[in-house]
Amino acid sequence: MQTEASFIIRNARVLTMDAANPRANAVAIAGNRILAVGPEAEIDAFSGPDTHVIDAGGGTVLPGFNEAHMHIFGGSAELSELSLAGVKGFDALEKAVKAYAAEYPERRLLIAQQADYTILSDDERMTRHHLDRILPDRALLIVAPDHHTAWANTTALTMGGILEGRDVGVGNEIVMGEDGLASGELRESNAIRPISAFGETGGREMLGVGTGGDPEHVTAEERAGDIEVIKRGLAYVASLGITSLQNMDGSLYQLEMLDEIERTVGLPVRVRMPFHMKNFMPLSDLETKAAAWRERFNTDRLRCDFVKLFMDGVTESGTAVFIDDYAHQPGWKGEPLFSQDHFDSIAIAADRLGLPVAVHAIGDGAVRMVLNGYEAAIKANGKRDSRNRIEHIEVVHPDDIPRFKELGTVASMQPTHPPGSADLPVEPYLSYIGEDRWPHAFAWRTLVDAGAEIVFATDWPVSPLDPMHCIECAMTRGLWKEGLKDQRLSLAETLAAYTKNGAWVEFMEDRKGMLKPGYLADIVVLSGNVEAADHANLAAIRPVTTMCDGRITYQA
Ligand SMILES: [Zn+2]
């Protein structure tokens, strides 16, 4: 007897991502698996009295998006904070902040996000004095899109106890003004956390990034609030057609909350979490924490099976690590967060435990150090299928390009990050790296042509989470000057970097990332035909239905 489908999606342009059967116009689903993919006439045969039929209206149907690099707790928390995306100039900033302050009179700390480094003007950096003029008597923290820099007013600096400055460790800085007091600019998480701790979630949403550790003294009420925040975030994630997310900061606190959500109402999105290794943690943590958490959280819906590290910071704050000096600051290359020896020992130990590693590396100096570590692991342990990755790779030295293929290192990149993309300004970024390095910046095409595997994502909340917007950015990326190589991938490659490749990097290519019989029913139905759309209008095509694990997680 023929199995009856729980769902049939018909009248669709199905892009299966399966090379053996790339296109179809209908899909049948039974339980949490795909039953069949093919022509409507064939798929209709699985229809029974209880089958729900979804008419895709001629829209594209894809495997659900896999957001390969994001921060779920931080992104979720920011959904209720002020977004300054697109705000430009002091007057506009003042207006936005004042309206937000009036809306939340009870908040101890007002947090605004997505403030561009040049929000005031191209040559004036924000200080506490600007913010004091806007809000003299309430604490205000303004955060850059990359989350590596923030600016606080005097009330906030006083509240955080850092108005007079403080040593916050290598790679972090409370910038001091000429008057001997903090200027208001805060670089990296150790500098920002004394203030963000006064936010709605007590700064807990940043701990996975900042310390990798867990919050202390959390009341049951606070934890319940945090779970609600994450649930809202997960619903938002599902509404964008995402069925798998790979979180890039980790803490047991987050894992246990996600596990509780899974056990109570079910996760609407598959979640992959890392163990976040900081430079002050002992190597033995890889065994006692990372490997132990892998055993504890190991289902297809929630897993913790890799190690995340930061090798450097970001270019705009001078914390990214380059091989040669910053173009605007001779004598400064940035300072890595791990020594080469220290990182090598981590890469070797993680590899020995079968734990893939993902490292944030923005400058070409940091990228090289990470590649060196992966090479050291191969030398020490022999070559295995490790699927180690490098996150961001904003600049790569030409000598290191072939090493991605040689070492089997995955390039994890964000089409919303190149200057000029997603409404980002081109300055100061392009002047900081200097014209000589432009050909090797955000070099997706170059890396793929050299044989690197690539995954795309937004790094939410660094960029807006919407995959269709990110795909549009990938397909419309312009050149910073004539003669530079077009770094765009084809639409098919871009869609694969958002679906199939993400499943592969998770070692789950045998059951997700493609629409084929027996695979998990993770599917997004889009409102239009992505192949026929003008690249500049791709983001106008919206998710209509998201299905994860055979369950509808979003319906427009
Ligand atoms: Zn990130």
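**Q** Teacher, can you tell me more about empty space enclosed by the protein here?
**A** If a probe the size of a water molecule is rolled over the atoms, the empty space left behind becomes visible. According to the stated counting rule, one finds three cavities of 30 Å³ or more in the structure shown. Put simply, the largest cavity is a space of about 90 Å³. Trp438, Pro439, Ala441, Arg477, Gly478, Leu479, Trp480, Leu484, Lys485, Asp486 and Gln487 are the residues that line the largest cavity. Along the lines of polarity and charge, the residues of the lining of the largest cavity split into six nonpolar, two polar and three charged.

**Q** Looking at this structure, how should I read a negative patch on the surface?
**A** A contiguous patch of negative charge on the surface is contributed by Asp122, Asp123, Glu124 and Glu427. Within the secondary structure, glutamate 427 sits in the loop between strand 20 (410–413) and helix 14 (429–433).

**Q** Can you help me understand helix 11 (residues 340–352) in this one?
**A** An α-helical turn contains 3.6 residues, so any two residues separated by three or four positions project in the same direction. Taking 1.5 Å as the rise per residue, helix 11 with 13 residues should run 18 Å; its terminal C-alpha atoms sit 18 Å apart, in good agreement. Restricting attention to buried positions, one finds in helix 11 the residues Phe343, Asp344, Ile346, Ala347, Ile348, Ala349, Ala350 and Asp351. Buried residues in helix 11 make contact with helix 10 (285–296), strand 17 (302–310), strand 18 (357–361) and helix 12 (364–381). At the C-terminal side of helix 11, glycine 354 shows a positive phi close to 70 degrees.

**Q** Looking at this structure, I do not really get the packing of aromatic side chains. What am I missing?
**A** Counted under the stated rule, the structure contains eleven aromatic pairs. On the basis of an interplanar angle of 70 degrees and a centroid distance of 5.6 Å, the ring pair of phenylalanine 65 and tyrosine 498 is categorised as edge-to-face. Of the two residues, phenylalanine 65 sits in strand 8 (residues 65–70) while tyrosine 498 sits in the loop between helix 17 (491–497) and helix 18 (500–505), which places them 433 residues apart along the sequence. The burial state of phenylalanine 65 is the same as that of tyrosine 498; both residues are buried. Here phenylalanine 275 and tryptophan 293 contribute two aromatic rings whose centre-to-centre distance is 5.4 Å and whose plane-to-plane angle is 75 degrees, an arrangement assigned as edge-to-face. One end of the pair, phenylalanine 275, is in strand 16 (residues 270–276); the other, tryptophan 293, is in helix 10, and 18 residues separate them in sequence. Here a set of aromatic residues connected by ring pairs shows up, and it is made of Tyr429, Trp438, Phe442 and Trp480. A cation over a ring is seen here: arginine 107 above tyrosine 104, with NZ or CZ 3.8 Å from the ring centre.

**Q** Got a minute to help me understand the pattern of salt bridges in this structure?
**A** Any two side chains of opposite charge can pair, given that their charged atoms come close. Scanning the entire structure with this criterion turns up 41 salt bridges. A salt bridge links glutamate 531 to arginine 23; the nearest nitrogen and oxygen atoms lie 2.7 Å apart. Separated by 508 residues along the polypeptide, glutamate 531 in the loop between strand 22 (523–526) and strand 23 (543–548) and arginine 23 in strand 3 (residues 23–24) bring together distant segments of the chain. Taking the relative accessible area as the measure of exposure, glutamate 531 reaches 37% and is therefore partly exposed. Put simply, arginine 542 and aspartate 466 hold a salt bridge, and the shortest N to O gap is 2.8 Å.

**Q** Any chance you could explain the coordination of the zinc ion here in plain terms?
**A** A four-donor tetrahedral metal ideally has 109.5 degree angles, and a six-donor octahedral metal ideally has angles of 90 or 180 degrees. Within the protein, His69 (NE2), His71 (NE2) and Asp459 (OD) serve as the donor atoms for the zinc ion, at 2.1 to 2.2 Å. Within one chain, the residues donating to the zinc ion are spaced in sequence as H-x1-H-x387-D. On the basis of relative accessible area, histidine 69 is assigned to the buried category, the value being 1%. Using a relative accessible area of 9% as the deciding quantity, one classes histidine 71 as buried.

**Q** I would appreciate a short explanation of the packing of helix 8 (residues 220–239) against helix 9 (residues 252–264) in the present structure.
**A** Between two packed helices, what matters for the description is the angle formed by their axes and the separation of those axes. In contact at an axis separation of 10 Å, helix 8 and helix 9 are set at 70 degrees when each is read in the N-to-C sense. One way to sum up the angle between helix 8 and helix 9 is to call them roughly perpendicular. In contact with Arg223, Asp226, Ile227, Ile230, Lys231 and Leu234 of helix 8, helix 9 contributes Tyr253, Glu256, Met257, Leu258, Glu260 and Ile261. By residue class, the composition of the contact of helix 8 with helix 9 is seven nonpolar, no polar and five charged.

Rules used in this analysis
- Residues numbered from 1 in each chain as written.
- Predicted model: local features only at pLDDT ≥ 70, side-chain atom pairs only at ≥ 80, totals over all residues.
- Heavy atoms only, no water.
- 1 Å grid on protein atoms, 1.4 Å probe; cavity = no way out; pocket = protein on both sides within 12 Å on 5 of 7 lines; lining within 4 Å.
- Points joined across faces, edges and corners; volume = space filled by probe spheres on them.
- Nonpolar A, V, L, I, M, F, W, Y, C, P; charged D, E, K, R; others polar.
- Patch = residues over 30% accessible without salt bridge, like charges linked within 9 Å, V, L, I, M, F, W, Y side chains within 5 Å.
- Areas by Shrake-Rupley, 256 points an atom, 1.4 Å probe, with all protein chains shown as cover.
- Salt bridge = Lys/Arg side-chain N within 4 Å of Asp/Glu carboxyl O.
- Lys, Arg positive; Asp, Glu negative; His and termini not counted.
- Charge placed at Lys NZ, Arg CZ, Asp CG, Glu CD.
- Helix = DSSP H or I, 4+ residues; strand = E, 2+ residues; numbered from the N terminus.
- Expected span 1.5 Å × (residues − 1).
- Buried < 20%, exposed > 50% of the residue type's maximum accessible area, 1.4 Å probe, protein only.
- Contact = heavy atoms within 4.5 Å.
- Phe/Tyr/Trp six-rings, centres within 6.5 Å; stacked < 30°, edge-to-face > 60°.
- Lys NZ or Arg CZ within 6 Å of the ring centre and 35° of its normal.
- Donors = N, O, S within 2.8 Å, 3.2 Å for Na, K, Ca; no water.
- Axes fitted to C-alpha atoms, helices over the stretch in contact; angles between N-to-C directions.
- Parallel < 35°, antiparallel > 145°, perpendicular 65-115°, else oblique.

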